[in-house]
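# Residue-level structural notes
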Amino acid sequence: QVQLVESGGGSVQSGGSLRLSCAASGYTITSACMGWVRQAPGKEREGVATIDAFGTTSYAHSQKGRLTISHDNAKNTLYLQMNSLKPDDTAMYYCAAVDGGSCLLETKYNYWGQGTQVTVSS
């Protein structure tokens, strides 16, 4: 069974940084497409970044310049570096993966982690 386990969330002050991690098992992170999706209470899920098997990345316009998605093949782990965090970034952040298809922000993922909470205070 594919399992994705996020970590690295927490509470930070506005302007701070966090690095989220996603440890994958039963799935090689470079197989096809992986991404990070966030959801704030009462809001729809929003794709924030993706990376495909070739290392090509995509970022949401609203997050451009503040995020870096990357992976560590040796650890089979996906990362999301988040800088200059704002209170509006407060949300549950999910790691997700798909076996095939496109690797866009609107990708319909097959596998999901349980999320890691990010809280940014003003």
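The paragraphs below set out a description of the structure included in this document.

The rules behind these values
Sequence order as written defines residue numbering, which begins from 1 separately in each chain. Owing to the predicted nature of the model, reporting of local features is limited to residues with pLDDT of at least 70; listing and counting of side-chain atom pairs is limited to 80 or more, with chain, interface and lining totals taken over all residues. As a rule here, side-chain values come from all non-hydrogen atoms in the structure, and water together with hydrogens is ignored. Numbering goes from the N terminus for both helices and strands, where a helix is a DSSP run of H or I of at least four residues and a strand is a run of E of at least two. Note on exposure labels: buried denotes an accessible area under 20% of the residue type's maximum, exposed denotes more than 50%, and partly exposed covers the range between, all computed with a 1.4 Å probe on protein chains only. Here the rule is simple: two strands pair whenever DSSP picks up at least two bridges between them. Lines fitted to the C-alpha atoms define the axes, with helices restricted to the stretch that makes contact. Angles between their N-to-C directions range from 0 to 180 degrees. Here, the term disulfide refers to a pair of cysteine sulfur atoms separated by no more than 2.5 Å.

As a further point, take unusual backbone geometry. Even without glycine at this site, Asn-76 takes up a positive phi of about 50 degrees. By the secondary structure assignment, Asn-76 is in the loop between β7 (67-72) and β8 (77-82). Residue Asn-76 is classed as buried on the basis of its relative accessible area of 18%. A positive phi angle, near 50 degrees, is found at Ser-84, a position not held by glycine. Tracing the backbone shows Ser-84 in the loop between β8 and β9 (91-98).

Glancing now at the pairing of strand β5 (residues 46-52). Taken across its seven residues, β5 has six buried, putting it largely inside the fold. Where β5 lies against strand β6 (residues 57-59), three bridges are found, and the strand directions are antiparallel. Note on β6: the bridge partner recorded for Thr-50 is Ser-58. Following β5, the chain reverses through four residues before pairing antiparallel with β6; Gly-55 in that reversal takes a positive phi of roughly 90 degrees.

This brings us to the sheet that holds strand β1 (residues 3-7). Within the open sheet, the four strands sit side by side as β1-β3-β8-β7. Their pairing is antiparallel. The open sheet has two free edges, formed respectively by β1 and β7, since each of these has just one partner strand. Put simply, the sheet's adjacent strands are angled 20 degrees from each other on average, direction ignored. Pairing of strand β3 (residues 18-25) with β8, which is carried by six bridges, proceeds in the antiparallel orientation. Note on β8: the bridge partner recorded for Leu-20 is Leu-80.

To continue, consider the state of the cysteines. According to the stated counting rule, one finds two disulfides in the structure shown. Shown here is the disulfide that connects Cys-33 with Cys-103, its sulfur atoms set 2.1 Å apart. Between Cys-33 and Cys-103 the sulfur-sulfur dihedral comes to about 75 degrees; the bridge is accordingly right-handed. Highlighted residues: Cys-33 in strand β4 (residues 33-39) and Cys-103 in the loop between β9 and β10 (111-112), separated in sequence by 70 residues. Judged by relative accessible area, which is 1%, Cys-33 ranks as buried. Under the relative-accessibility criterion, Cys-103 is labelled buried at 16%. Numbered in order of appearance, the disulfide-bonded cysteines of the protein chain are paired 1-3, 2-4.

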